[in-house]
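Listed below are the residues making up each chain.
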Amino acid sequence: MSPAPHDPRPLTGEPLSLDLLNTRWIEDGQPRDLLAGTDGLAVWLAANGLDDGRFTADDPTLRHTLQTRDALLAVVDGSLTEGASRVDAVLEKGRIRATLTADGGGERAEFADASWGPGWLAARNYLELLGTAPDRIRHCAHEACVLHFFDTSRNGTRRWCSMAACGNRAKASRHYSRSKDA
């Protein structure tokens, strides 16, 4: 088994739907996109445990995953009412099948076209986040950041994708403004 390819993104480990949104980021003032090609798709699939043989990092999967990312962005950063039909269009590409095994009841995702699988799973995950804590789905508060996160802090007041990056930049900016004014 070969090692997982390097993931260059500054924020990983978020729930699948938000991790898909975080395939776009800003680095040194320039926009970056992990999903600019199938190599980046392979990195994203591996980072989320979706490289287990169910899905292939090919052009159809990339196209459908990008369509899902755009649909999710429309509801997360836009309007749930206006973007819902776009997410629904992705969700129509798969279903959950109830199963019974020797271990008991379970569920399995099924797709008529496996190239929709990663995007469908991300859209389904977004529904789960909405059902759990919709107010904890956040966009980083730094004006130059495009990343998203699920706030798991105890009091629900996390503002930054990363305190080490965006949080420190905001603090440094405030400090510079205060010292400049003084």
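The structure presented is a predicted model; accordingly, all values stated were derived computationally and were not measured.

> What's the story with the pairing of strand β1 (residues 24–27) in this structure? I'm lost.
Look at any regular strand and the pattern is simple: side chains alternate between the two faces of the sheet. Across 4 bridges, the pairing between β1 and strand β2 (residues 30–33) is antiparallel. Bridge pairing in β2 places Ile26 opposite Pro31. Between β1 and β2, which pair antiparallel in sequence order, lie 2 residues; one of them, Asp28, sits at a positive phi of approximately 55°.

> I'm lost on the pattern of salt bridges in this one. Help?
Pairing between side chains becomes possible if they bear opposite charge and their charged atoms approach one another. For the coordinates displayed, the defined rule picks out 12 salt bridges. One salt bridge in this structure joins Asp19 and Arg9, with 3.1 Å as the shortest N-O distance. Residue Asp19 is found in helix α1 (residues 16–21), and its partner Arg9 is found in the segment before α1; the two are separated by 10 residues along the sequence. With a shortest N-O distance of 3.0 Å, Asp52 and Arg54 are connected by a salt bridge. The exposure class of Asp52 is partly exposed, given its relative accessible area of 47%. Given the relative accessible area of 44%, Arg54 is considered partly exposed.

> In this structure, what is going on with unusual backbone geometry? I would like to understand it.
Most peptide bonds are trans, and most residues other than glycine sit at a negative phi. Even without being a glycine, Asp28 presents a positive backbone phi close to 55°. For Asp28, the position within the fold is in the loop between β1 and β2. On the basis of relative accessibility, which here comes to 76%, the residue Asp28 falls in the exposed class.

> Looking at this structure, how should I read the state of the cysteines?
One way to say it: the disulfide is the covalent bond shared by the sulfur atoms of two cysteines. Under the counting rule described, the total for this entry stands at 0 disulfides. In this structure Cys145 is a free cysteine whose sulfur lies 3.7 Å from that of Cys166, the closest cysteine sulfur available. Not part of a disulfide, Cys161 finds its nearest cysteine sulfur in Cys166, a span of 3.6 Å. Classification of Cys161 as buried rests on a relative accessible area of 7%.

> Just checking my understanding: could you explain the packing of helix α2 (residues 38–47) against helix α3 (residues 59–76) for this structure?
Two quantities define a packed helix pair, namely the angle between the helix axes and the distance between the axes. Where α2 meets α3, the closest approach of the two axes is 10 Å, and the angle between their N-to-C directions is 70°. As the angle between them shows, α2 and α3 are arranged roughly perpendicular. Side by side, α2 and α3 meet where Thr38, Leu41 and Trp44 of the first sit next to Asp59, Thr61, Leu62 and Thr65 of the second. Residue classes in the contact of α2 with α3 are distributed as 3 nonpolar, 3 polar and 1 charged.

Rules and cut-offs
- Residues numbered from 1 in each chain as written.
- Predicted model: local features only at pLDDT ≥ 70, side-chain atom pairs only at ≥ 80, totals over all residues.
- Heavy atoms only, no water.
- Pairing = 2+ DSSP bridges.
- Helix = DSSP H or I, 4+ residues; strand = E, 2+ residues; numbered from the N terminus.
- Salt bridge = Lys/Arg side-chain N within 4 Å of Asp/Glu carboxyl O.
- Buried < 20%, exposed > 50% of the residue type's maximum accessible area, 1.4 Å probe, protein only.
- Disulfide = S-S within 2.5 Å.
- Axes fitted to C-alpha atoms, helices over the stretch in contact; angles between N-to-C directions.
- Parallel < 35°, antiparallel > 145°, perpendicular 65-115°, else oblique.
- Contact = heavy atoms within 4.5 Å.
- Nonpolar A, V, L, I, M, F, W, Y, C, P; charged D, E, K, R; others polar.

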